[in-house]
Amino acid sequence: MASIKKILLCIFALFIFADLHAQQLMRSFQEDMSFVQYLQDKGQYQNAIIALNEIPVSTLNPSQQDSLNYLKGWSFYNIKSLDSSSFYLLKVDTPFTLYAKSRFFGAYNFIYLQYYDEAAKILNNLAGMNPINEETKYFEQAGIALLKKNYPVFDTLSSNFSYNFYALSAQEKRFLNYKKQLQGIKKRSPVVAGLMSAIIPGTGKIYAGKTYQGIASMLPIVALALLTNESYHKRGPHSAEFYGFGALLTVFYVGNIWGSVFAVKINREDHEKSINQKILFDLQIPLRTIFN
Amino acid sequence: MICKFLCVPFLIKAQGNVFNYADSIRHAGNFTLATVEYERIAFENASPTIKAEATLKGADCMKMLKRYDEAASLLDAVNMENIPDPKLKYQILFQSLLNSYLAHEENSSFSKLASLCYYYPDSSHNKDVLFMKILCLNEMQQWKEADTIYRNFMTAFNHSAVPSNPYLKIPRLKDPEKAEKLSAYLPFTGAGLFYAGNVPEGLLSIALQASFAAFGAYSILMERYITGVLIGVGGYAAFYHGGTRRAKWLAEKYNEKKTIQFNTMIRNQLLAVINKGTP
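This structure is a prediction, so every number in the text was calculated from the model and none was measured.

1. Regarding the packing of helix α11 (residues 190-199) of chain A against helix α14 (residues 240-291) of chain A
All names here are of chain A.
Then, number 1: Running from N to C, α11 and α14 cross one another at 155°; their axes reach a closest spacing of 8 Å. With respect to their mutual orientation, α11 and α14 come out roughly antiparallel. The element α11 and its partner α14 pack so that their crossing is right-handed. Here Pro190, Ala193, Gly194, Ser197, Ala198 and Ile199 of α11 come into contact with α14, specifically with Tyr253, Asn256, Ile257, Ser260, Val261 and Val264.
Then, number 2: A breakdown of the residues in the contact of α11 with α14 according to their chemical character gives eight nonpolar, four polar and no charged.

Written out as structure tokens, the structure reads:
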């Protein structure tokens, strides 16, 4: 009797041990998701991706696959791998709770990567949303139009701005301001800049908006001109010194004209780039406020 | 009762097995995945000891991946109050200090060392603590203090028969400010550059400064004032100001080189003593 009791107890204990071991190897999907969430909360996005890659996708149902893709996309977004982030976020299907968030952030990643047409396509296909999401859609589309300098489209889209939503109103107002700033960038002529630098070296760059560069390029040319002039008068037009300074002056003079022509384009691009950075920043802020 | 006693060994074994999977990954050399698995253990287990142990092992994997700053941050975040095992606590503090040192955060590692010695007064004579103390002090160029601890370290290892104490040959460092001032107040001499330890550059500086000054003077005498001022004075001024900055930079580089050389030599000697062990 005692030996049967012992055997039964041993079987019972083995059962407990086997169960614990099995629990360790076969985690539930929910446990994995909680763990990934924990890693994301701790800012360990790289580790979250590794943990997500360990989950066998083939065993998951569509809803679980959506969760997996969303968490992967979100982790990639946070480590600034925007291409990968969009790849996973856009795999998320309609019934998933965070479908709208996935689409908006997927589209935003494309905007950031300058895939404007793809982003617009994603946003255009979003339908049947609540009023704030609907206005966010117009806001993002207006942002794309602004980045593409398509002002008529921007005007049409911005006419949908209600300015009633706290998460959007400040950025919506700023967008109108950015449009004014972009339109206000003076269209300076590279030919005029070149001509100005040909007449008075450095003034072309000042005209292009690069004042300090203009002054800095003027100084060596003036110095070389003075040296060439002195060499001419003291050593004569056939002296090596005159040829040397003259050649240097020519190089600097022509280089300055060339630089002034490009300064117009570069200055315009710099100005537009700084406004575009502000637009991209403002495109993201409402998304983080609304969907977090 | 019998049931309880019978179950205990299995339960203990099951708890011991918590690390099996992660340990096997680590032993296979996949430190990145092992880091995640240790983090999972810390997340899934309520026991503060298991959590702390998992974090310690995870940090060790990060150390293997040379992610020292992350490892130090991970260990710094461990809640020490709930850990009953003082040895584990000590290990966490020590590894945090070691990772900070490896991440070149000398000040942070030194303050961690101070707190380790505060919480574990007996540990201040431990060989590993002495070793870290010497390294930290060396990095902060506090060689005199390091010398005292070096002697204690050698005594701890019963290694008093070291051929010569390296701290008797502490490198004499240059003063970068002095190098800069010498160049500024003694032009044409290359004094700053000589002081900074670079004789060829000092000679070149003398030659260039003298040439430009002479050229300037000659041009002015020849009534070529613009050439004299722009080329002579301008060239001289450029090399004069460049020389002062260069002298300061060279002195800083000289100090860096000498410090690294000296500290590496001491570190290698200490490691050799540790590897040899107590005779």
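The structure having been displayed, the exposition proceeds.
2. With respect to the nonpolar core
Then, number 1: Ranked by internal contacts, the top residues of the largest apolar core, which has 69 residues, are Ile111(A), Leu146(A), Phe175(A), Ile279(A), Leu283(A) and Ile41(B).
Then, number 2: Apart from residues lying up to four places away in sequence, Ile41(B) is in contact with Val18(B), Phe19(B), Ala22(B), Ile50(B) and Ala54(B).
Then, number 3: Counting residues in hydrophobic clusters, the runner-up holds 30 residues, among them Leu93(B), Leu98(B), Trp143(B) and Phe262(B).

3. Re the pattern of salt bridges
Residues and elements named next belong to chain A.
Then, number 1: With the rule as written, the count across this model stands at 21 salt bridges over all chains.
Then, number 2: Residue Lys137 pairs with Glu134 through a salt bridge whose shortest N-O separation is 3.8 Å. Of this pair, Lys137 and Glu134 both sit in helix α8 (residues 131-147), three residues apart, which is roughly one turn of that helix.
Then, number 3: What makes Lys137 buried here is its relative accessible area of 9%.
Then, number 4: Classification of Glu134 as partly exposed rests on a relative accessible area of 21%.
Then, number 5: Between Asp270 and Lys210 there is a salt bridge whose closest N-O contact spans 3.1 Å. With Asp270 in helix α14 and Lys210 in the loop between α12 (203-208) and α13 (211-235), the pair connects residues that are 60 residues apart, well separated along the chain.
Then, number 6: Asp270 gets classed as partly exposed once you look at its relative accessible area, which sits at 37%.

Reading guide: rules and limits
Residues numbered from 1 in each chain as written. Chains lettered and ligands numbered in written order. Predicted model: local features only at pLDDT ≥ 70, side-chain atom pairs only at ≥ 80, totals over all residues. Heavy atoms only, no water. Axes fitted to C-alpha atoms, helices over the stretch in contact; angles between N-to-C directions. Helix = DSSP H or I, 4+ residues; strand = E, 2+ residues; numbered from the N terminus. Parallel < 35°, antiparallel > 145°, perpendicular 65-115°, else oblique. Left-handed = near helix turned anticlockwise from the far one by under 90°. Contact = heavy atoms within 4.5 Å. Nonpolar A, V, L, I, M, F, W, Y, C, P; charged D, E, K, R; others polar. Core = buried A, V, L, I, M, F, W, Y, C linked by side-chain atoms within 4.5 Å. Buried < 20%, exposed > 50% of the residue type's maximum accessible area, 1.4 Å probe, protein only. Salt bridge = Lys/Arg side-chain N within 4 Å of Asp/Glu carboxyl O.

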